[in-house]
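Here is what each chain is made of, one letter per residue.
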Amino acid sequence: MKLINNKRYLVFVMLGLVNILIGLAEMLKIIPYSGKATPGVSMIGSGIFVLAIGLYLSRTRESKAMPDERTKKRDMKVHSGALGIVLAYVTLLALMDGLWSSNTINLGGFFLIFNHPGDMSVLFSRYMSIIFVAIVSVVVLTVYLDKKGDV
Amino acid sequence: MKMRTDKDILKFFAASMGMVLVGVLLFVYVSPFIGGGLILGGLILTVMGLYVASKPKEEFVQDERSKRVMDKAGHHAFWIMMDIVIVLSLINQFSLYAVEFKSASTLILFIGIYSFLILKWYYNKKGE
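Along each chain, residue indices are assigned from 1 in the same order as the chain's sequence is written. Key to labels: chains lettered from A, ligands numbered from 1, both in the order written. Local features in this predicted model are restricted to residues whose pLDDT is 70 or higher, and side-chain atom pairs enter the listing and the counts only when it is 80 or higher, whereas totals over whole chains, interfaces and linings include all residues. With hydrogens and water excluded, all non-hydrogen atoms of the structure serve as input to the side-chain values.

The name given to chain B in an unreviewed UniProt entry is DUF2178 domain-containing protein, and the organism recorded there is Candidatus Methanoperedens nitratireducens.

Secondary structure counts use DSSP, requiring at least four H or I residues in a row for a helix and at least two E residues in a row for a strand, with both numbered from the N terminus. Tallying secondary structure elements over chain A gives six helices and zero strands in all. Only protein chains enter the area calculation, which uses a 1.4 Å probe; residues under 20% of their type maximum are buried, those over 50% are exposed, and those in between are partly exposed. Looking at chain A residue by residue over its 151 residues, the buried ones come to 35%. Any two residues whose heavy atoms approach within 4.5 Å are treated as being in contact. Within chain A, contacts between residues separated by at least 24 positions form 70% of all contacts whose residues are at least 6 apart in sequence. Note on areas: Shrake-Rupley with a 1.4 Å probe; residue coverage comes only from the protein chains shown. As presented, chain A carries roughly 9,500 Å² of accessible surface, and 70% of it is formed by carbon and sulfur atoms.

Let's shift gears to the confidence of the model for chain A. Keep in mind that low pLDDT regions are not for reading the predicted coordinates in detail. Residues and elements named next belong to chain A. Per-residue confidence from the prediction method is given by pLDDT, with values spanning 0 to 100. Averaged over chain A, the pLDDT score is 75; the fraction of residues at 70 or greater is 68%. Taken element by element, chain A is modelled with least confidence in helix α5 (residues 112-115), mean pLDDT 47, and with most confidence in helix α6 (residues 126-148), mean pLDDT 88. Here residues 103-123 is modelled with pLDDT under 50, and outside its nearest four sequence neighbours on either side it reaches 23 contacts, counting other chains as well.

Before going further, it helps to spend a moment on the nonpolar core. General note: in soluble globular proteins, nonpolar side chains tend to be found buried as a group. If you look at the biggest cluster of nonpolar residues, it comprises 31 residues, and the most contacted ones within it are Ile130(A), Phe78(B) and Ile108(B). Put simply, the parts of the chain that give this core at least two residues each are α4 (69-101) and α6 of chain A together with α3 (64-94) and α4 (101-126) of chain B. Here the element with the most residues in this core is α4(A); it accounts for nine residues. Ignoring any residue separated from it by four or fewer positions in sequence, one finds Ile108(B) in contact with Val90(A), Tyr127(A), Ile130(A), Met81(B), Val85(B), Leu88(B) and Phe101(B). Here, nonpolar core means buried Ala, Val, Leu, Ile, Met, Phe, Trp, Tyr and Cys residues that are tied together by side-chain atoms lying within 4.5 Å of each other.

Glancing now at the side chain of Ser89(B). Mapped onto the fold, Ser89(B) is located in helix α3. When neighbours within four sequence positions are excluded, Ser89(B) is seen to be in contact with Tyr127(A) and Met128(A).

What follows is about the environment of Val90(A). Mapped onto the elements of the fold, Val90(A) is located in helix α4. Val90(A) sits 37 residues away from Tyr127(A) along the chain, and the two C-alpha atoms are 9.5 Å apart.

Below, the discussion takes up the UniProt feature "transmembrane region" (unreviewed entry) in chain B. UniProt records the feature "transmembrane region" (unreviewed entry) at residues 12-30, 36-53, 73-91 and 103-123 of chain B, using the numbering of this structure. Annotated as 95% helix and 0% strand, the span residues 12-30 of chain B places its first and last C-alpha atoms 26 Å apart. UniProt positions are given in the numbering used here, feature names are shortened, and annotations may be inferred rather than shown by experiment.

Here we take up the packing of helix α1 (residues 7-29) of chain B against helix α2 (residues 32-53) of chain B. For any two helices packed against each other, one specifies the crossing angle of their axes together with the interaxial distance. Residues and elements named next belong to chain B. Axis definition: a line fit to C-alpha positions, over the contact stretch in the case of helices; interaxial angles, taken between N-to-C directions, run 0 to 180 degrees. With their axes 7 Å apart at the nearest point, α1 and α2 run at an angle of 160° to one another. By the angle between their axes, α1 is roughly antiparallel relative to α2. Between α1 and α2 lies a crossing of left-handed hand. Amino acid classes used here: Ala, Val, Leu, Ile, Met, Phe, Trp, Tyr, Cys and Pro are nonpolar; Asp, Glu, Lys and Arg are charged; the rest, including Gly, are polar. Looking at the contact of α1 with α2 residue by residue, the class counts come to 20 nonpolar, eight polar and no charged. Angle categories are assigned with fixed cut-offs, so that under 35 degrees is roughly parallel, over 145 is roughly antiparallel, 65 to 115 is roughly perpendicular, and the rest are oblique. Left-handed is the label given to a crossing in which the near helix is rotated counterclockwise from the far helix by less than a right angle, and right-handed is the label when the rotation is clockwise.

With that settled, the discussion passes to the interface of chain B and chain A. Facing 35 residues of chain B, the contacting portion of chain A comprises 33 residues. Once two parts are brought into contact, the accessible area they lose, counted with a 1.4 Å probe and summed over both, makes up the buried area. Carbon and sulfur atoms make up 75% of the surface buried where chain B meets chain A, a total of about 3,000 Å² over both sides. By definition, a salt bridge exists where a carboxyl oxygen of Asp or Glu is found within 4 Å of a side-chain nitrogen of Lys or Arg. Taken together, the connections running from chain B to chain A amount to zero salt bridges. We define a polar contact as two N or O atoms separated by no more than 3.5 Å, with the added condition that, inside protein, one atom must be a possible hydrogen donor and the other a possible acceptor, whereas residues neighbouring each other in sequence contribute only through side-chain atom pairs. Seen at the junction of chain B and chain A, the total is two residue pairs in polar contact (both at pLDDT 80 or more). Mapped by element, the contributors of at least two residues to the side of chain B that touches chain A are α3 and α4 of chain B. The leading source of residues in the side of chain B that touches chain A is α3(B), at 18 residues. Residues belonging to the side of chain B that touches chain A are distributed by class as follows: 22 nonpolar, eight polar and five charged.

Residues and elements named next belong to chain A. What a helix should span is 1.5 Å times the count of its residues minus one. Between the first and last C-alpha of helix α2 (residues 40-58) there are 26 Å, a value that for 19 residues agrees with the 27 Å anticipated at 1.5 Å per step. Looking at α2, one finds that the buried residues are Gly 40, Met 43, Ile 44, Gly 47, Val 50, Gly 54, Leu 57 and Ser 58. Buried residues of α2, viewed axially, fall in a sector of 140°; they line one side. Exposed residues pointing more than 90 degrees away from the buried face of α2 are listed as Val 41, Phe 49 and Tyr 56. When we speak of the arc, we mean the arc of directions from the helix axis to the C-beta atoms.

For the rest of this paragraph, the subject is the confidence of the model for chain B. Residue and element names in this part refer to chain B. Looking at chain B as a whole, the pLDDT averages 86, with 96% of positions reaching at least 70. For chain B, the element scoring lowest by mean pLDDT is α2, at 87; α4 scores highest, at 90. Both confidence scores are given for the complex: pTM 0.69, ipTM 0.72.

In structure tokens:
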């Protein structure tokens with residue numbers, strides 16, 4: 001298999017290998033299980049997925065794997081918009097934290113996942129929700145700007 | 001002094017007035033601290049609106065270069081902020097010490113806003 005040296009390929013391969021190693025270390029009890037982390041097997045799974053992307057990119061010519069000028073411009077616009085959305089979301093979360101900690105407002109069970117940090121699963125932690133909002137906003141903005149044309 | 005009264009300016013004033021109103025309600029019924037912040041923000045926006053309304057519209061139209069600088073700064077600031085969130089999330093999951101979001105939110109906000117401002121300044125200076 002002929003590997004082509006491009007930047008993306010190296011980043012993805014390294015990331016995949018690190019994920020797999022962490023997963024293995026956790027499964028073999030080399031690093032202590034904190035009780036909150038996702039099991040090692042999912043770490044290995046994501047590592048294999050990222051490694052596969054890296055290996056695919058390694059076989060693609062750089063001119064094909066790297067985005068063209070229009071895609072680059074679109075991505076910059078998308079990320080710039082997503083930055084605003086994520087900042088607004090973090091502000092909202094911080095505001096809700098402030099309101100609840102001062103016990104001045106009670107919205108009942110509707111925002112239960114935000115209300116009891118101790119009970120939250122990893123999936124619904126605030127950090128994960130920020131990453132989730134960022135991914136969704138990037139996807140939506142990309143589709144919108146792609147449809148709109150004229151970036 | 002002639003003031004502009006086009007749709008954009010009116011929308012801006014409506015938003016800032018709305019912010020002041022929400023701030024007053026929060027000040028009275030919920031938390032004086034948060035309400036006060038919103039009132040202050042609304043008043044600052046009103047002053048900014050008055051300044052913008054006193055200038056011709058053409059003065060605030062961004063040129064192509066400024067738009068590119070903004071997008072580039074926003075793009076990099078977004079990745080810096082997401083990296084911080086991912087690192088905090090990993091620390092929260094894998095270490096025995098939980099990083100409370102209440103303390104981390106300020107850090108995330110500051111890093112997001114200041115990296116954007118610093119990068120904008122840097123790209124403006126650097127040029128093409």
